Amino acid sequence: MLRSTCSRRRVLTVVGAGATAALAGCNDGGVGSEPEYEAGSVGSLDGENRSATEMTAAESLAQQETNDGVTPLEAVTITDHEFVLESDYRGSTVQGTVENTSDDRIELLEVRVRVYDDSGAQLGQFLDSVGDLAGEASWSFQVVILKPPSEITDYDISVLGTPT
């Protein structure tokens, strides 16, 4: 009886260690992994702050709540991005294009932009999202930044998604 208990414990130990090692290897790019951000520059700006009415309109369009169900995906790339100062209520924005390079549909995509001041302090994080991007398709995004253009020096950007 003692012999079968030891064998059972040994089997359970080996199986447990193997499962832990296998799961650790599967986490690369999976849920919970940190996104990689690409740097962007703002350049010199000569823009005005939004009026109270424009700020209200911009706040209704801007997204700041991230989705916990998105993760970095190898099949999704940012093909281009730039800081654009719009002359209407949108004001400070980051605009660009994301491409789904796989044949598979992506259920949800989220572009995240973090903005910084001249001392390197993060001023906020803003995003744009879209649902249901077909395989081999692209999406033009526009992230509305709620900070005044005079405060923003740099930004960085990342794209995350949820595969089907």
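Residues numbered from 1 in each chain as written. Predicted model: local features only at pLDDT ≥ 70, side-chain atom pairs only at ≥ 80, totals over all residues. Heavy atoms only, no water.

(A) Representation of unusual backbone geometry within the structure. At D132, a position not held by glycine, the phi torsion is positive, near 65°. If you check the backbone angles, E136 has positive phi at about 60° while not being a glycine. Within the element layout of this structure, E136 appears in the loop between β5 (122-133) and β6 (138-144). (Helix = DSSP H or I, 4+ residues; strand = E, 2+ residues; numbered from the N terminus.)

(B) Local environment of the packing of aromatic side chains. If you walk through the whole model with that rule in mind, you get one aromatic pair. Relative to F141, the ring of W139 has its centre 5.9 Å away and its plane inclined at 50°; by these criteria the two rings are tilted. Above the plane of the ring of Y37 lies R114, whose end atom (NZ or CZ) is 3.5 Å from the centre. (Phe/Tyr/Trp six-rings, centres within 6.5 Å; stacked < 30°, edge-to-face > 60°. Lys NZ or Arg CZ within 6 Å of the ring centre and 35° of its normal.)

(C) Structural view of the side chain of R90. Relative to the elements of secondary structure, R90 occurs in the loop between β2 (76-85) and β3 (92-100). Polar contacts involving the side chain of R90 include one to the side chain of D88, which spans 2.7 Å. At 3.5 Å, the side chain of R90 and the side chain of Q142 are in polar contact. In this structure, R90 is in contact with R50, L61, Q142 and V144, ignoring residues within four places of it in sequence. (Polar contact = N/O pair within 3.5 Å; in protein donor to acceptor, adjacent residues only side chain to side chain. Contact = heavy atoms within 4.5 Å.)

(D) Region of the structure containing the pattern of salt bridges. The final tally for this structure, using the stated rule, is five salt bridges. Its salt-bridge partner being R90, residue E86 comes within 3.5 Å of it at the nearest N-O pair. Between R112 and E110 there is a salt bridge, with the nearest N and O atoms lying 2.6 Å from each other. Under the relative-accessibility criterion, R112 is labelled buried at 12%. Here E110 falls in the buried class, since its relative accessible area comes to 2%. Here the residues in one salt-bridge network are E86, D88 and R90, joined through shared partners. (Salt bridge = Lys/Arg side-chain N within 4 Å of Asp/Glu carboxyl O. Buried < 20%, exposed > 50% of the residue type's maximum accessible area, 1.4 Å probe, protein only.)

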